[in-house]
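Breakdown of the fold
The residues making up each chain are set out below.
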Amino acid sequence: MSNAKPTMETYIEMSPRVFEENLTRADALVGGLVERYARRGLRDLRFVASGSSYNSCVAARPFAERVLGVRVDVFTPSRYLDELERLDVTASDAFEVFVSQSGCSTNIIEAVRAARSRGHETVALTGNVEADLRDEVDAIFEYGVGNETVGFVTMGVLTLMEFIALFSLATAEALGAIDGDGRSAWMGRLSEVPDMHREMQRRAHALMDADREAFLAPGHAFMCGAGAAYGIALEGALKWQETLKAPAIALEPEEYVHGPNMQLTPRSTAFFLDPSLAPGRTHEIYRATRAVTDHAYLLACYGIEDGDANAICLGRDVEPEVAPFVLLPAVQVFAGRAMRELGCEPCHPLFDRFERVVSCKTADYEEICKEKLAQAGFAE
């Protein structure tokens, strides 16, 4: 890492290397959670997460379901609390995992306390096993993000997705859902992710260079993610709002064409994330949007023949369940780089009034952030 204070872009660039490192230590990384889950046998999974952690779980869910062959649900803490009584009747045997990268998320801690009050086993994933969440759960595991010092969760998105994938593969083999050859085949597909991640970064920067005026005048954006890419659309919309302080909505492409598309004007911005193996319905909807606005963009792993300057299509054969790992860096680059060039990281000067009334982190969060910077060789 350079001597400059880390930014979102720093962690985007680091992500493929950390992904590779986590692949090499997969069994050690996920072993504790695999053992915990395997004690109860193959059963449905339930992740409870918020913000970028929620989006990561949604993005990794198709991979986990395909490999494990079980139902995988993802709940926000609020929805979990609202439906907890019903869940105890309709899905009482699901294995629950509570996720907070910071380990300081007050809504996750509230959900954990509610689960424990009803006799649930409470297991957590975090990027900081020393934070407050540790004292609330039966077991806690670090998922391989290391020391990410920026508040806009970046590397943590990819590493959490990777952890869920590696956990699913190790568990599936341990419980007989797949054999060793099947696990090796999936590991081979995951091993290709870092190079494609780097290529997607390069292509995203090139697209921003070519269409600089559009990316540096951010307004309302549509983030349309088909199938397995919906979680990346959620994360893209979140990052657009956090970094650029502009509205964004995450939609499935078919929901976009059932009303929200009526907002389109030549000034509209829309992104289409397509995890398919070949152009199809999402590509068609993207082309329809391009007929209205020049600021529509397609992100896909497959190739296209028309040389569309607004499309990043890698021309690679990628399973739809793996595609989210490859599409992610584009939406991160768009947000992180535009934020830096526009200088819009700070919120409105009056935003501190909001945080004095309502906080989403525990009281020691700021100290933990300072400690992370100090560990990385920086100081406020």
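A brief look at the structure comes next. Everything numeric in this text was worked out from a predicted model, so none of it was measured. (Residues numbered from 1 in each chain as written. Predicted model: local features only at pLDDT ≥ 70, side-chain atom pairs only at ≥ 80, totals over all residues. Heavy atoms only, no water.)

**Observations regarding the overall build of the protein chain**
Each helix and strand counted, the protein chain has 15 helices and ten strands in total. Out of the 380 residues in the protein chain, the part that is buried amounts to 54%. Taking as baseline every contact in the protein chain between residues at least 6 positions apart, the subset at least 24 positions apart corresponds to 75%. Put simply, the protein chain shows about 16200 Å² of open surface, and 48% of that area lies on carbon and sulfur atoms. (Helix = DSSP H or I, 4+ residues; strand = E, 2+ residues; numbered from the N terminus. Buried < 20%, exposed > 50% of the residue type's maximum accessible area, 1.4 Å probe, protein only. Contact = heavy atoms within 4.5 Å. Areas by Shrake-Rupley, 256 points an atom, 1.4 Å probe, with all protein chains shown as cover.)

**Quick notes on the side chain of Gln101**
As for its placement among the helices and strands, Gln101 is situated in the loop between strand 3 (95-100) and helix 5 (106-117). A relative accessible area of 8% places Gln101 in the buried class. Here Gln101 is in contact with Ser53, Thr126, Gly127, Asn128, Tyr143, Val145, Glu148, Val153 and Gly156, once residues within four sequence places are set aside.

**Section: the sheet that holds strand 9 (residues 296-300)**
Pairing between the strands of a sheet is mediated by backbone hydrogen bonds and can be parallel or antiparallel. Spatial ordering of the open sheet is given by 7-6-8-9-10, a layout of five strands whose pairing is parallel. Whereas interior strands pair on both sides, the edge strands pair on one side only; in this sheet they are strand 7 (248-251) and strand 10 (311-313). On average, each strand axis in the sheet is inclined to that of its neighbour by 10°, with strand direction left out of account. In this structure, strand 6 (residues 221-225) lies alongside strand 7, joined through four bridges in parallel fashion. Note on strand 7: the bridge partner recorded for Ala221 is Ala248. Contacts from helix 8 (residues 193-210) reach strand 9 and strand 10, with the element oriented near 165° to strand 10. (Pairing = 2+ DSSP bridges. Axes fitted to C-alpha atoms, helices over the stretch in contact; angles between N-to-C directions.)

**Notes on the sheet that holds strand 2 (residues 72-75)**
The strand order across the open sheet built from five strands is 2-1-3-4-5, with neighbouring strands paired in parallel fashion. Two strands in the sheet have a free side with no partner beyond their single neighbour: strand 2 and strand 5 (139-142). Across the sheet, the mean angle separating the axes of adjacent strands is 25° when strand polarity is ignored. As defined by bridge partners, strand 3 adjoins strand 4 (residues 123-126) across four bridges and the pair is classed as parallel. For Ser100, the partnering residue across the bridge sits in strand 4 and is Thr126. The sheet contacts of helix 5 involve strand 1 (45-48) and strand 3, and relative to strand 3 the element is tilted by about 155°.

**Side note on the packing of helix 3 (residues 51-68) against helix 6 (residues 155-174)**
Interhelical geometry of helix 3 versus helix 6 gives an angle of 25° and a closest axis separation of 8 Å. One element, helix 3, and the other, helix 6, form an angle in the roughly parallel class. Between helix 3 and helix 6 the crossing geometry is right-handed. The residues of helix 6 that touch helix 3, namely those facing Ser52, Ser53, Ser56, Cys57, Ala59, Ala60, Phe63, Ala64, Val67 and Leu68, are Gly156, Val157, Leu160, Met161, Ile164, Ala165, Ser168, Leu169, Thr171 and Ala172. Partitioning the contact of helix 3 with helix 6 into residue classes produces 14 nonpolar, six polar and no charged. (Parallel < 35°, antiparallel > 145°, perpendicular 65-115°, else oblique. Left-handed = near helix turned anticlockwise from the far one by under 90°. Nonpolar A, V, L, I, M, F, W, Y, C, P; charged D, E, K, R; others polar.)

**Topic: the nonpolar core**
Leu125, Leu190, Phe325 and Phe334 are the most contacted members of the largest nonpolar core, which totals 96 residues. Considering each element in turn, this core owes the most residues, 13 residues, to helix 6. Those residues in contact with Leu190, other than ones at most four positions away along the chain, are Phe19, Leu23, Phe63, Ala165, Leu166, Leu169 and Phe325. Of all hydrophobic cores here, the second largest spans 16 residues; its members include Phe75, Ile108, Ala111 and Leu133. (Core = buried A, V, L, I, M, F, W, Y, C linked by side-chain atoms within 4.5 Å.)

**Observations concerning the packing of aromatic side chains**
Under the definition given, this model contains 16 aromatic pairs. Relative to Phe98, the ring of Tyr80 lies with its centre 5.6 Å away and its plane at 85°, an arrangement referred to as edge-to-face. Residue Tyr80 is located in helix 4 (residues 77-90), and its partner Phe98 is located in strand 3; the two are separated by 18 residues in the primary sequence. The residues Tyr80 and Phe98 share a single accessibility class, namely buried. Within the aromatic cluster, the residues linked to one another by ring pairs are Phe215, Trp240, Phe271, Tyr297 and Phe334. The positively charged end of Arg46 is found above the aromatic ring belonging to Phe75, 5.9 Å away from the centroid. A cation over a ring is seen here: Arg79 above Phe75, with NZ or CZ 3.9 Å from the ring centre. (Phe/Tyr/Trp six-rings, centres within 6.5 Å; stacked < 30°, edge-to-face > 60°. Lys NZ or Arg CZ within 6 Å of the ring centre and 35° of its normal.)

**Focus on helix 12 (residues 281-290)**
Taken residue by residue, helix 12 has Thr282, His283, Ile285, Tyr286 and Thr289 as its buried positions. Looking down the long axis of helix 12, one finds its buried residues gathered within 160° of arc, a one-sided arrangement. Elements in contact with the buried residues of helix 12: helix 11 (253-256), strand 8 (269-274), strand 9 and strand 10. (Arc of directions from axis to C-beta.)

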